[in-house]
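# Inside the fold
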Amino acid sequence: MNAKKPSAKAAVRNLVGASLEEIEEVSADLGEPRYRARQIYAGIYRLRYRSWDEFSDLPETLRRHLKERFTIIRPRIDRTFTSQDGTRRYLLEVP
């Protein structure tokens, strides 16, 4: 049975904000062992990677599959508001 490749119009999902359990589902859907999900999770949240190319602990083929289906885009600080007491609030732009 051949796996279907995503079409050019397929939506690409941002994994920033995904839980470990959600990333485990992604890993399982790609036919990868469970520990790969922990590697992906650590790369996104602990190591703060911004590109799949930075995941040197993942096989090249897996990085290519992830790049085709998922992104790693963090919210951007649009504006900073500082009150008189020094408290800062941030307006984030979510992709």
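This section reports on the structure supplied with the text. (Residues numbered from 1 in each chain as written. Predicted model: local features only at pLDDT ≥ 70, side-chain atom pairs only at ≥ 80, totals over all residues. Heavy atoms only, no water.)

## Observations regarding the overall build of the chain
- Check the secondary structure of the chain and you find three helices and four strands.
- For the chain, the residues scored as buried account for 24% of the 95 residues in total.
- Counted over contacts in the chain with a minimum sequence separation of 6, partners at least 24 positions apart contribute 36%.
- Total accessible area on the chain is roughly 7,200 Å²; 49% of this is exposed by carbon and sulfur atoms. (Helix = DSSP H or I, 4+ residues; strand = E, 2+ residues; numbered from the N terminus. Buried < 20%, exposed > 50% of the residue type's maximum accessible area, 1.4 Å probe, protein only. Contact = heavy atoms within 4.5 Å. Areas by Shrake-Rupley, 256 points an atom, 1.4 Å probe, with all protein chains shown as cover.)

## Side note on the environment of arginine 34
- Mapped onto the secondary structure, arginine 34 falls in helix 2 (residues 34-46).
- C-alpha separation for the pair arginine 34 and isoleucine 23, spaced 11 residues apart in sequence, amounts to 9.4 Å.
- Within the structure, the side chain of arginine 34 is placed 3.3 Å from the side chain of glutamate 24, a separation counted as a polar contact. (Polar contact = N/O pair within 3.5 Å; in protein donor to acceptor, adjacent residues only side chain to side chain.)

## Concerning helix 3 (residues 60-69)
- Among the residues of helix 3, those classed as buried are Leu62, Arg63 and Leu66. One side of helix 3 holds all its buried residues, which, seen down the axis, span an arc of 100°.
- Contacts made by the buried residues of helix 3 are with helix 1 (20-29), helix 2 and strand 2 (70-71). (Arc of directions from axis to C-beta.)

## What about a nonpolar patch on the surface?
- A surface patch of nonpolar side chains, about 400 Å² in accessible area, is lined by Ile77, Tyr90, Leu92 and Val94.
- With respect to the element layout, valine 94 can be found in the segment after strand 4 (88-93). (Patch = residues over 30% accessible without salt bridge, like charges linked within 9 Å, V, L, I, M, F, W, Y side chains within 5 Å. Salt bridge = Lys/Arg side-chain N within 4 Å of Asp/Glu carboxyl O.)

## A few points about the pairing of strand 4
- Relative to strand 4, strand 3 (residues 76-82) runs antiparallel, the two being bridged by six bridges. Of the residues in strand 4, the one forming a bridge with isoleucine 77 is leucine 92.
- The loop that links strand 3 with its antiparallel partner strand 4 comprises five residues; one of these, glycine 86, has a positive phi angle of about 95°. (Pairing = 2+ DSSP bridges.)

## Re the nonpolar core
- Counting residues in hydrophobic clusters, the biggest one holds 15 residues, and the most contacted among them are Leu15, Ile40, Ile44, Trp52, Phe55 and Leu66.
- Of all the elements in the fold, those that place two or more residues in this core are helix 1, helix 2 and helix 3.
- A per-element tally of this core places helix 2 first, with three residues.
- Leaving out residues up to four positions away in the same chain, phenylalanine 55 has contacts with Gln39, Ile40, Gly43, Ile44, Tyr49, Arg63 and Ile72. (Core = buried A, V, L, I, M, F, W, Y, C linked by side-chain atoms within 4.5 Å.)

## Structural notes on the packing of aromatic side chains
- The full count for this structure, using the stated rule, is three aromatic pairs.
- Between tyrosine 41 and tyrosine 45, the aromatic rings sit 4.7 Å apart at their centres with planes inclined by 55°, giving tilted as the arrangement. Here tyrosine 41 pairs with tyrosine 45, and both are found in helix 2, just four residues apart, close to one helical turn.
- Relative accessible area serves as the criterion here: at 30%, tyrosine 45 is assigned to the partly exposed category.
- Centre to centre, the rings of tyrosine 49 and phenylalanine 55 are 4.8 Å apart; their planes meet at 75°, and the pair counts as edge-to-face. Comparing tyrosine 49 with phenylalanine 55 shows no difference in burial state: the two are buried.
- Through a chain of ring-to-ring contacts, the aromatic side chains of Tyr49, Trp52 and Phe55 assemble into a single cluster. (Phe/Tyr/Trp six-rings, centres within 6.5 Å; stacked < 30°, edge-to-face > 60°.)

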